[in-house]
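Coordinate inspection notes
Spelled out, the chains give:
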Amino acid sequence: MAGGFLALLAVMAGAFGAHGLRGLVSERGLEVFQTAVSYQMYHSIALVLVAVLSGLGLSRKLLRWAAGFYLAGILLFSGSLYLLVLTGIRWIGPVTPLGGVCFMVGWALLVISALRRNK
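First, a word on scope: everything that follows refers to the structure included in this document.

**Focus on the overall build of the protein**
Check the secondary structure of the protein and you find four helices and zero strands. Starting at the N terminus and walking to the C terminus, you meet the elements of the protein as α-α-α-α. Over its C-alpha atoms, taken along the principal directions, the protein stretches across nearly 55 × 25 × 15 Å. Burial status across the protein gives 40% buried among its 119 residues. By sequence separation, contacts in the protein at least 24 residues apart represent 74% of the contacts at least 6 residues apart. Summed over all atoms, the accessible surface of the protein reaches about 7,100 Å², with 72% contributed by carbon and sulfur.

Right, dumping it as structure tokens:
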């Protein structure tokens, strides 16, 4: 459910960025906004993937952790980029890499879950 909802929000944010922000923010701002949308969509799909994989015998505990890191990554990475573009608040910038680390941890946990299943 979270993956589908966040994917819907990513589509809405993408449309807003493409149509509502043009002329209001710089080209660089539009690029940053699009990066936030893209990563939100990728990781929304990853949340759906985690739900599917949990039914295929992979460690549900590890998959829950992976999902939590994907959610945190969306909030920290995409959320900080949205705020940066929409508000101009610069101090939020250092939060973005933390979101990227959350994404990486989520993917690592997914890999570990898959490796453990094959044993």
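Now, onward.
**So, the packing of aromatic side chains**
When we look at a pair of aromatic rings, we describe it by the centre distance and by the angle of the planes. Under the counting rule described, the total for this entry stands at eight aromatic pairs. Relative to Y42, the ring of Y39 has its centre 5.6 Å away and its plane inclined at 65 degrees; by these criteria the two rings are edge-to-face. Of this pair, Y39 and Y42 both sit in helix α2 (residues 27-54), three residues apart, roughly one helical turn. Three or more aromatic residues joined by ring pairs form one cluster here, namely Y39, Y42, F77 and F103.

**Looking at a positive patch on the surface**
There is a patch of like positive charges on the surface, built from R60, K61, R64 and R116. The element that contributes the greatest number of residues to the positive patch is helix α3 (residues 60-87), accounting for three residues. Here R60 is to be found in helix α3. The class of R60 is exposed, set by a relative accessible area of 52%.

**A look at the side chain of S113**
Within the secondary structure layout, S113 lies in helix α4 (residues 95-117). On the accessibility criterion, S113 (0% relative accessible area) is buried. Ignoring anything within four residues of it in the chain, the contact list for S113 reads L58, S59, L62 and L63.

**What about the nonpolar core?**
F33, L47, V50, L63, Y70, Y82 and L110 are the most contacted members of the largest nonpolar core, which has 26 residues in total. Every element with two or more residues in this core is listed here: α1 (2-20), α2, α3 and α4.

**Let's talk about α1**
Its 19 residues place the ends of α1 25 Å apart at the C-alpha level, agreeing with the 27 Å of an ideal helix rising 1.5 Å per residue. Buried within α1 are the following residues: G3, L6, A7, A10, A13, G14 and G17. Here the buried residues of α1 occupy an arc of 120 degrees about the axis, which is enough to place them on one side. In α1, those exposed residues whose orientation departs by more than 90 degrees from the buried face are V11 and H19.

The rules behind these values
- Residues numbered from 1 in each chain as written.
- Predicted model: local features only at pLDDT ≥ 70, side-chain atom pairs only at ≥ 80, totals over all residues.
- Heavy atoms only, no water.
- Helix = DSSP H or I, 4+ residues; strand = E, 2+ residues; numbered from the N terminus.
- Buried < 20%, exposed > 50% of the residue type's maximum accessible area, 1.4 Å probe, protein only.
- Contact = heavy atoms within 4.5 Å.
- Areas by Shrake-Rupley, 256 points an atom, 1.4 Å probe, with all protein chains shown as cover.
- Phe/Tyr/Trp six-rings, centres within 6.5 Å; stacked < 30°, edge-to-face > 60°.
- Patch = residues over 30% accessible without salt bridge, like charges linked within 9 Å, V, L, I, M, F, W, Y side chains within 5 Å.
- Salt bridge = Lys/Arg side-chain N within 4 Å of Asp/Glu carboxyl O.
- Lys, Arg positive; Asp, Glu negative; His and termini not counted.
- Charge placed at Lys NZ, Arg CZ, Asp CG, Glu CD.
- Core = buried A, V, L, I, M, F, W, Y, C linked by side-chain atoms within 4.5 Å.
- Expected span 1.5 Å × (residues − 1).
- Arc of directions from axis to C-beta.

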